[in-house]
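# Secondary and tertiary structure notes
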Amino acid sequence: EIYLPEGLTYIGSQALAACSNLHKVVFPSTLTSMGGYVLSGTDVTRLECHAVVPPTLGGMLKDLSFNIYIPIGSGEAYKAAAYWGDNSIYEKQF
């Protein structure tokens, strides 16, 4: 698993791609945008995104759907945001 640091605002395309042993990723609350396929080729089954506003995505996160945990009260925004709603979204207190 990997915890990306608070203060990070952007993740480039395919930044974590092909990290085949990666199962869990935590994005910080400060994240505002990402390139496409950031998690392509990984075994990620759980993603926590602590950002209240869904970061903009330059494409899909990865080729298969997975579970995404987001801050309580952010569900509708994530479900409506491009590419986020393609996954199972759960609200959680962090």
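Provided above is the structure to which this section pertains.
One structure accompanies this document, and this report is about it. Going along each chain's sequence as written, the residues are numbered from 1 onward. Residue-level local features of this predicted model are given only where pLDDT is at least 70; pairs of side-chain atoms are given and counted only at 80 or more, and the full residue set underlies all totals for whole chains, interfaces and linings. To obtain the side-chain values, all non-hydrogen atoms of the structure were used and water was disregarded.

So, about the environment of Ala81. Secondary structure elements follow DSSP: runs of H or I no shorter than four residues count as helices, runs of E no shorter than two count as strands, and numbering proceeds from the N terminus. Its place among the elements puts Ala81 in the loop between α1 (75–80) and β8 (88–92). Using a 1.4 Å probe on the protein chains alone, a residue whose accessible area is under 20% of its type maximum counts as buried, one over 50% counts as exposed, and one in between counts as partly exposed. Under the relative-accessibility criterion, Ala81 is labelled buried at 19%.

Let us look at the sheet that holds strand β2 (residues 10–11). A pair of strands counts as paired when DSSP detects no fewer than two bridges linking them. The sheet built from three strands is open, its strands ordered β2-β4-β6 with parallel pairing. The sheet is open, and its two borders are formed by β2 and β6 (56–57), each paired with just one other strand.

A separate point is the side chain of Ser40. Position of Ser40 among the secondary structure elements: in the loop between β4 (33–34) and β5 (46–49). For Ser40, a relative accessible area of 17% gives the class buried. Note on contacts: a residue pair qualifies if any of its non-hydrogen atoms lie within 4.5 Å across the two residues. Sequence-distant contacts of Ser40, that is, excluding residues within four places in its chain, are made with Ala17, Ala18, Leu61, Lys62 and Asp63.

Next up on the list: the pattern of salt bridges. The term salt bridge refers to a pairing of a side-chain nitrogen on Lys or Arg with a carboxyl oxygen on Asp or Glu at a separation within 4 Å. As enumerated under the stated definition, the model contains three salt bridges in all. Between Glu48 and Lys24 there is a salt bridge whose closest N-O contact spans 3.8 Å. Of the two residues, Glu48 is situated in strand β5 and Lys24 in strand β3 (residues 24–27); the sequence distance between them amounts to 24 residues. The class of Glu48 is buried, set by a relative accessible area of 6%.

In short, the description is geometric, and any link to function would need to be established separately.
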